[in-house]
Amino acid sequence: VLETSAALRRALRRQEHPDTPTLEAASRALARPRGELGEGIAAGDWLVEHQDRVRAAWTDGMDALARLWHAARAPARAVESWQTLLAREPLRESAHRELMRTWAELGEPARALGHYEGLVTLLARELGATPARET
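Source: prediction; values computed, not measured. (Residues numbered from 1 in each chain as written. Predicted model: local features only at pLDDT ≥ 70, side-chain atom pairs only at ≥ 80, totals over all residues. Heavy atoms only, no water.)

Draft legend 1. Layout of the nonpolar core. Residues L8, L65 and W82 are the most contacted members of the largest nonpolar core, which totals 26 residues. Looking at this core, the element that brings in the most residues is helix α3 (residues 45–71), giving 7 residues. Non-local contacts of L65, meaning those with residues more than four positions away in its chain, are made with L8, L23, A26, S27, L30 and S81. (Core = buried A, V, L, I, M, F, W, Y, C linked by side-chain atoms within 4.5 Å. Buried < 20%, exposed > 50% of the residue type's maximum accessible area, 1.4 Å probe, protein only. Helix = DSSP H or I, 4+ residues; strand = E, 2+ residues; numbered from the N terminus. Contact = heavy atoms within 4.5 Å.)

In structure tokens, the structure reads:
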């Protein structure tokens, strides 16, 4: 996860355009089911720090993957990646925003609007907040 995430984020930052097989391989690497790092071990704070690092790497890698799929003009794959990310990190508003933008670009504004309404409810319930202005 750490290596795949770093490679995807580097490609995004450099505005590189990985080919489809490379993006497919990254998708498979990030999609592999994994338990929590050190699951079942009572090891202390050091383990939590590593769990957080792996979780953040996966999240940032999935975000970069979705953006790279979008840049590769593969919006359906971008949508799939945004949805996978949001299933694990439902409060990541930037991912919601990009998902809605992609649906609008695909000619599905009603779906984007419905998702926005669900986001408003989620943020109010979980954080007592409203979406950011840019959303």
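After that view of the structure, there is still more to cover.
Draft legend 2. Spotlight on the pattern of salt bridges. Taken as a whole and assessed by the stated rule, the structure comprises 10 salt bridges. Salt-bridge contacts for R14 lead to E16; the nearest nitrogen and oxygen are separated by 3.8 Å. Across the pair D52 and R55 runs a salt bridge, and its minimum N-O distance is 2.9 Å. Highlighted residues: D52 and R55, both in helix α3, separated by 3 residues, approximately one helical turn. Shared partners join several salt bridges into a network, and the residues in it are D63, R67, E98 and R101. (Salt bridge = Lys/Arg side-chain N within 4 Å of Asp/Glu carboxyl O.)

Draft legend 3. Unusual backbone geometry, seen in detail. Its identity as a non-glycine residue notwithstanding, Q15 has a phi of 55°, on the positive side. Structurally, Q15 is set in the loop between α1 (2–13) and α2 (20–31). Overall, the relative accessible area of 65% leaves Q15 in the exposed class. Even without being a glycine, R73 presents a positive backbone phi close to 60°. Structurally, R73 is set in the loop between α3 and α4 (75–88). Judged by its relative accessible area of 73%, R73 is exposed.

Draft legend 4. Up close: the packing of aromatic side chains. Counted by the stated rule, this structure contains 0 aromatic pairs. Here R88 stacks its cationic end above the ring of W58, 3.9 Å away from the centre of that ring. (Phe/Tyr/Trp six-rings, centres within 6.5 Å; stacked < 30°, edge-to-face > 60°. Lys NZ or Arg CZ within 6 Å of the ring centre and 35° of its normal.)

Draft legend 5. Spatial organisation of α2. Compared with an ideal rise of 1.5 Å per residue, which puts 12 residues at 16 Å, α2 spans 16 Å between its outermost C-alpha atoms and is within 8% of the ideal. Residues of α2 that are buried: L23, A26, S27, A29 and L30. Angular distribution of buried residues about the axis of α2 spans 165°; they occupy a single face of the element. Those residues of α2 that are exposed and angled more than 90 degrees off the buried face are P21, R28 and A31. (Expected span 1.5 Å × (residues − 1). Arc of directions from axis to C-beta.)

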